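Residue-level structure breakdown
Chain residues, written in single-letter form:
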Amino acid sequence: MKKVIVGGNWKMNKNVQEAQTLARQLCDRLSDVNFADIFICPPFVDLYPINIILREKESKIMLGAQNMHYEPKGAFTGEISADMIKSAGGKIVVLGHSERRHIFGEDDEYINKKVASALKNELIPLLCIGELLEERKAGKTEEVIESQLRGSLNGIEIDDPEKILIAYEPVWAIGTGITATPEQAQEAQKFVRKVLADMFGQSIADGIRILYGGSVKPDNAEALISQPEVDGLFVGGASLDAESFEKIVRATK
Ligand code: PEP
């Protein structure tokens, strides 16, 4: 039985002081939770200060970064490497988020290099995939998901399903307040698993945790996590407030 996993994507929110306050609140509110794995992905500058708090509080909350470069070091102004994330306490790295794909022009080939580098450096890549509204309306959801999976995971070998996470995040549901229905999430994630099974074999695919993301809120979290193919939730806006993130985590019990 896979353990539920719930993550918060803070995006470009929270300066160091604000991030420390939220991290302390989450440690205190969620200290008793053992039914779910929890992670938070703050901006880069907040990683190390939060890591100190997580250690002081002996919290089980894991730390994740929102992006990284695939090269180990060098002349890449403004970028950060897998090793830097690890040295700041990061265990997970979000790759291919729709905002990276659509605002910063990242494509599957580029994301693929990052996935390979994360795995090589023993960081858990959280690969995000999902279709645009036009693509869904045109009946292309499965085609888009399959091509993102095959492109971003091209040449990747996975011998242990715990080494990677996938988030299905329909772009039309991110930050819009429009959530996929639990049935839409289930249907898409079932298809994600089918493609993963074709790529890595059924038993690896069955073990990979697939999260749903897109306007998850305290009042829809339970219905979404009740779907058999939804193994976890990836939360943007509603993870910026300790009370609402706590409610979402507790809804998954
Ligand atoms: C996200 O950014 O991954 C996300 C799911 O955002 P929101 O919950 O705000 O839709």
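These remarks concern the structure in this document. (Residues numbered from 1 in each chain as written. Predicted model: local features only at pLDDT ≥ 70, side-chain atom pairs only at ≥ 80, totals over all residues. Heavy atoms only, no water.)

1. Overview of helix α7 (residues 141-152)
As a reminder, the rule being used: Put simply, DSSP H or I for four residues or longer makes a helix, DSSP E for two residues or longer makes a strand, and each gets a number counted from the N terminus. Here, expected helix span is obtained from the residue count minus one, scaled by 1.5 Å. Burial here depends on accessible area, computed with a 1.4 Å probe over protein chains only, as a share of the maximum for the residue type. Under 20% is buried, over 50% is exposed, and the range in between is partly exposed. Directions are taken from the helix axis to each C-beta atom, and the arc is the one they span. Here, residues are in contact when the closest pair of their heavy atoms is within 4.5 Å.
Across its 12 residues, α7 extends 16 Å between first and last C-alpha, which sits within 8% of the 16 Å expected from 1.5 Å per residue. Thr141, Val144, Ile145, Gln148, Leu149 and Ser152 are the residues of α7 that are buried. Seen along its axis, α7 keeps its buried residues to an arc of 125°; they face one direction. Those residues of α7 hidden inside the fold are in contact with α4 (98-102), α5 (108-120), β5 (124-129), α6 (133-137), β6 (165-168) and α8 (182-200).

2. Some points on helix α1 (residues 16-29)
Taking 1.5 Å per residue, 14 residues should reach 20 Å; α1 reaches 20 Å between its end C-alpha atoms and fits that length. Taken residue by residue, α1 has Ala19, Leu22, Ala23, Leu26 and Cys27 as its buried positions. Buried residues along α1 cover an arc of 140° about the axis, so they all sit on one side. In this structure, the buried side of α1 is in contact with β2 (36-41), α2 (44-56) and α11 (242-251).

3. Description of the packing of aromatic side chains
Between two aromatic rings, the relevant description is the distance of the centres plus the angle of the planes. Test applied: Aromatic pairs are defined between Phe, Tyr and Trp rings, using the six-membered ring for Trp, whenever the two ring centres lie within 6.5 Å; interplanar angles under 30 degrees are classed as stacked, those over 60 as edge-to-face, and all others as tilted.
Inspection of every chain in the model, using the stated rule, returns 3 aromatic pairs. Between tyrosine 70 and tyrosine 110, the aromatic rings sit 5.8 Å apart at their centres with planes inclined by 85°, giving edge-to-face as the arrangement. Of the two residues, tyrosine 70 sits in the loop between β3 (62-65) and α3 (82-87) while tyrosine 110 sits in helix α5, which places them 40 residues apart along the sequence. Judged by its relative accessible area of 23%, tyrosine 70 falls in the partly exposed class.

4. Quick look at the pattern of salt bridges
Pairing is possible between side chains of opposite charge, provided their charged atoms come close. Going by this rule: The working definition used for a salt bridge is a side-chain nitrogen of Lys or Arg within 4 Å of a carboxyl oxygen of Asp or Glu.
Scanning the entire structure with this criterion turns up 18 salt bridges. Taking the shortest distance from any N to any O, the salt bridge between aspartate 231 and lysine 2 comes out at 3.4 Å. In this pair, aspartate 231 sits in the loop between α10 (221-225) and β8 (232-235) while lysine 2 sits in the segment before β1 (4-9), placing the two residues 229 residues apart along the sequence. Owing to a relative accessible area of 8%, aspartate 231 belongs among the buried residues under this scheme. Residue classification places lysine 2 among the partly exposed residues on the basis of a relative accessible area of 30%. The partner of lysine 247 in a salt bridge is glutamate 243, with the nearest N and O atoms 3.3 Å apart. Note that lysine 247 and glutamate 243 are positioned in helix α11 at a spacing of 4 residues, about one turn of the helix. Since its relative accessible area comes to 46%, lysine 247 is described here as partly exposed. Using a relative accessible area of 42% as the deciding quantity, one classes glutamate 243 as partly exposed. One continuous salt-bridge network, built from bridges that share partners, spans Lys2, Arg193, Glu229 and Asp231.

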